[in-house]
Amino acid sequence: MHIVATNNYEEISKKAAVIFLNQLALKPDSVFGFATGSTPIGMYLEIIKQYREYGYDFSQALTFNLDEYYGLKKNHAQSYATFMKKNLFSQLNIKEKNINIPDGEAQDISSYCKYYEKLIANNPIDIQLLGIGANGHIGFNEPGSQANSATRLVDLSAKTISDNARFFKNKKEVPRQAITMGIATIMRAKKILLIASGKSKAHAIRALVEGPITSRTPASFLQNHPDVTIIIDKEAASLLHKNYSSENGWSDIFIYNKNIYPRHKKILVISPHHDDSAVSCGATISALSEDNIVNVLVMTAGHHAAISKLTRQQKIKCREKETVAESKVLGHLARFGNFKFYDANKKYWSQDLEKFHSIWQRIKPEIVFLPHPHDEHPTHFLSTELVLDYLDRKKIKNTELWHYEGLWSQHLLNSINIVFGFDNKLLGIKNKSIAKHKSQVKRLPLVKASQALSRFRALTLPEQRFVNFGGEPPKIADYVEAYFRVKY
Ligand code: F6R
């Protein structure tokens, strides 16, 4: 079991949402198992927020809910059908016909349960979300539920009835029975994500993680599942004997691709030299240029480059021409900063900051792409420093920085929190854009080197960042550009 201890409910919600969204990014026709209760509400809000901002598409997704009260009408305010509609489904583009929630009004209950079970067997769940009851129940598998139990009608325990009374006018109104997936049904999901928050869950979490496997704590059967993640806050973790850290893990890393990316934003890409942006993030720029305004600002004039037989002025002209050709391939707007620091023997000049200020004012970017702060190439480092210094001085807020890596200096693994996956088609566009820098590809095989880095990331990051080392990694894409995003 992979246990992620977080600081609070908000962190649980964000991390859990990332895991579900990444599942969708990897497999648009994923089968999701959903849960109700108070715990998933924050996660559902986060999914909705990300869905709106980044263009996730649930149209091919299929969903199964864990359980439903028996005897409540579908449209009853407290039915789980109403809960799911209100808190998630009505806000996403999930198709009505792809939503499955046990029918609390079913007449022939035993045949209905067999039908629900079969439906799940025919459409295996890729990832099942679970909460946990204070008594260790999962779904409505109350203490006493057996490992081989299937979807069925169950009596709710006195504890669950009193816990759930808060949602009804009074305890008498709480239904006494429910239809629930069984333990065996849940255990067939390929992955399981259980979330729990607060002191009231601490006993159940200890019994689940450290206790014996017993039907007295139905959640303890999860110890036998090969792929369970448990995300909890400090209070829910408080009775565990071992200390689980909230180290950066794969619940902090987003998978984007040519369909999933920020939209309707003003974007500024800082390119220290003319070719850096295409080499480091050409595929991402090409995708973003569809629905955003992308400006690439080349910081230096480029005349230090070794281009034989050209004068300083001719070199500058040549490199600008190559960048304009690149911009036609990627779809961005090229700007030339010609910052003085390139020729100076010092950090940068106040004129450089003033010039950057006027460019910033013109673009008013919401997202800035730039080299990562530890980039060892001096010109890259200075470019990043200038931008960060400017943001500090002007106390600029609400900007996202996406630090990219390049051929001269790569990210540390733990600082990667966005992977942009792409296919051969986008690779072709990226390669073409790099090849426009004819004066440079002669000197160095930039296309090959950048392709090799993207391929290397695609092959190694899935294991390095998405599973415990040695686990079976997901296939993200053929190529990957990796970023460290910080909100400024
Ligand atoms: C809900 C469900 C239940 C809840 C559990 C925790 O579909 O199956 O097992 O997950 O009762 O409920 P909350 O989150 O309200 O504490």
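Residues numbered from 1 in each chain as written. Predicted model: local features only at pLDDT ≥ 70, side-chain atom pairs only at ≥ 80, totals over all residues. Heavy atoms only, no water.

1. Some points on the overall build of the protein
We apply this condition: Counting from the N terminus, the helices are the DSSP runs of H or I reaching at least four residues and the strands are the DSSP runs of E reaching at least two. Think of it in three bands: with a 1.4 Å probe and only protein chains considered, a residue is buried below 20% of the maximum accessible area for its type, exposed above 50%, and partly exposed in between. Here, two residues are considered to be in contact whenever any of their heavy atoms come within 4.5 Å of each other.
Counting its secondary structure elements, the protein contains 14 helices and 18 strands. In terms of overall dimensions, the protein has a C-alpha envelope of 85 × 40 × 40 Å along the principal axes. Evaluated residue by residue, the protein yields a buried proportion of 57% over its 488 residues. Here the analysis covers contacts within the protein between residues at least 6 apart in sequence; of these, 81% occur between residues at least 24 apart.

2. So, the sheet that holds strand β1 (residues 2–6)
Formally: Pairs of strands are assigned from DSSP output, requiring at least two bridges between the strands. To obtain each axis, a line is fitted to C-alpha atoms, and for helices this fit is confined to the stretch in contact; angles are then taken between N-to-C directions over 0 to 180 degrees.
The strand order β1-β10-β9-β6-β2-β3-β5 describes an open sheet built from seven strands, whose pairing is parallel. This sheet does not close on itself; its edge strands, each paired only once, are β1 and β5 (99–100). Direction of pairing for strand β2 (residues 31–34) relative to strand β6 (residues 127–130): parallel, over a ladder of two bridges. Considered in β6, the bridge of Gly33 is made with Gln128. The strands touched by helix α4 (residues 109–122) are β3 (62–65) and β5; relative to β3, the strand with the most contacts, the crossing angle is about 140°.

3. Structural notes on the sheet that holds strand β13 (residues 293–298)
The strands that make up a sheet pair up through hydrogen bonds in the backbone, lying either parallel or antiparallel. Ordered in space as β11-β17-β18-β16-β15-β12-β13-β14, the eight strands form an open sheet in which the pairing is mixed. Either end of the sheet is taken by a strand with one partner, and the two such strands are β11 (254–256) and β14 (333–336). Here the average twist between neighbouring strands, direction ignored, is 25°. Both strand β12 (residues 266–271) and strand β15 (residues 367–371) contribute to a ladder of three bridges, which runs parallel. Counted as the bridge partner of Val269 is Phe369 from β15. Strands β13 and β14 of the sheet are contacted by helix α9 (residues 312–330), whose axis makes an angle of about 160° with β14. Where helix α14 (residues 446–466) meets the sheet, it contacts β11, β17 (418–422) and β18 (479–487), and its direction lies at approximately 65° from that of β18.

4. A few points about the side chain of Glu142
Selection criterion: Positive charges are assigned to Lys and Arg, negative charges to Asp and Glu, while His and the chain termini are left out of the count. One side-chain nitrogen of Lys or Arg within 4 Å of one carboxyl oxygen of Asp or Glu is enough to make a salt bridge. For this analysis, a polar contact is any N or O atom pair within 3.5 Å, provided that within protein one partner can donate a hydrogen and the other can accept it, and provided that sequence-adjacent residues contribute only side-chain to side-chain pairs.
Along the chain, the position of Glu142 falls in the loop between β6 and β7 (152–155). Buried and unpaired, Glu142 has no salt bridge, with Arg152 as the nearest side chain of opposite charge at 9.1 Å. Polar side-chain contacts of Glu142 include one of 2.6 Å to the side chain of Thr160. Residues within four places of Glu142 in sequence aside, it is in contact with Asn135, His137, Asp155, Leu156, Ser157, Thr160 and Pro218.

5. A closer look at the pairing of β12
For clarity, the cut-off: The definition of a right-handed crossover adopted here requires that, viewed with the strands pointing away, the path from the first strand over the helix to the second runs clockwise.
Along β12, five of the six residues are buried, which leaves the element largely enclosed by surrounding structure. Handedness of the β-α-β unit built from β12, helix α8 (residues 276–288) and β13 comes out right-handed.

6. Digging into the site of the ligand
Test applied: Any residue with a heavy atom positioned within 4 Å of a molecule or strand is treated as near that molecule or strand. Residue burial considers only the protein chains on display, and all accessible areas are found by Shrake-Rupley using a 1.4 Å probe. Nonpolar residues are Ala, Val, Leu, Ile, Met, Phe, Trp, Tyr, Cys and Pro. Charged residues are Asp, Glu, Lys and Arg, and all others, Gly as well, are polar.
Neighbouring the ligand are 14 residues, the closest being Thr39, Asp67, His137, Gly139 and Lys201. Measuring from an oxygen atom of the ligand, one finds a backbone N or O atom of Gly131 at 3.5 Å. Considering the ligand on its own, with 410 Å² of exposed area, one finds that the protein chains cover 94% of that surface. Among the residues forming the shell around the ligand, the class breakdown is three nonpolar, eight polar and three charged.

7. Let's talk about unusual backbone geometry
Glycine aside, residues mostly have negative phi angles, and peptide bonds mostly take the trans form. The backbone of Lys364 shows a phi angle near 50°, a positive value even though the residue is not glycine. Looking at where Lys364 falls in the secondary structure, it is placed in the loop between α10 (350–363) and β15.

8. Considerations on the environment of Lys315
Among the structural elements, Lys315 can be located in helix α9. Its relative accessible area of 13% is what places Lys315 among the buried residues. Separated by 22 residues in the primary sequence, Lys315 and Ile293 place their C-alpha atoms 28 Å from one another. Discounting residues that sit within four places of it in the chain, Lys315 has contacts with His303, Ala305, Ile307 and Leu310.

9. Topic: the domain arrangement of the protein
The test is simple: As used throughout, domain bounds are those supplied by an automatic or database domain assignment. Two parts placed together each lose some accessible area; with a 1.4 Å probe, that loss summed over both constitutes the buried area.
With domains assigned, the protein is organised as domain 1 (2–252) and domain 2 (256–487). The C-alpha centroid of domain 2 is placed 41 Å from the C-alpha centroid of domain 1. Each side of the interface is counted separately: domain 1 has 13 residues, and domain 2 has 19 residues. Approximately 1200 Å² of surface area, both sides summed, lies buried where domain 1 meets domain 2, with 48% of it carried by carbon and sulfur atoms. The tally of links from domain 1 across to domain 2 stands at zero salt bridges. Those elements that provide at least two residues to the side of domain 1 that touches domain 2 are α1 (9–26) and α2 (40–54). When the residues that make up the side of domain 1 that touches domain 2 are grouped by side-chain class, the tally is five nonpolar, six polar and two charged.

10. Some remarks on the pairing of strand β9 (residues 191–196)
Counting buried positions along β9 gives five out of six residues, so the element sits mostly inside the fold. Pairing geometry for β6 and β9, over four bridges, is parallel. In the sheet register, Ile127 faces β9, and the bridge partner there is Lys191. Once the chain exits β9 it traverses helix α7 (residues 202–210) before rejoining the sheet at strand β10 (residues 228–233), and the crossover so formed is right-handed.

11. Let's talk about the packing of α8 against helix α12 (residues 424–435)
Packed helices, taken two at a time, are described by the angle between their axes plus the distance between the axes. Definition in use: Each angle gets one of four labels, with under 35 degrees taken as roughly parallel, over 145 as roughly antiparallel, 65 to 115 as roughly perpendicular, and the rest as oblique. Here is the rule for handedness: rotate from the far helix to the near one, and if that takes an anticlockwise turn smaller than a right angle the crossing is left-handed, while a clockwise turn gives right-handed.
The contact between α8 and α12 brings their axes to 9 Å, and the two run at 135°. As judged from the angle between their axes, α8 and α12 are oblique. The hand of the α8/α12 crossing is right-handed. Counted together, Ala278, Val279, Ser280, Gly282, Ala283 and Ser286 of α8 and Leu426, Ile429, Lys430, Ser433 and Ile434 of α12 form the full contact between these two elements.

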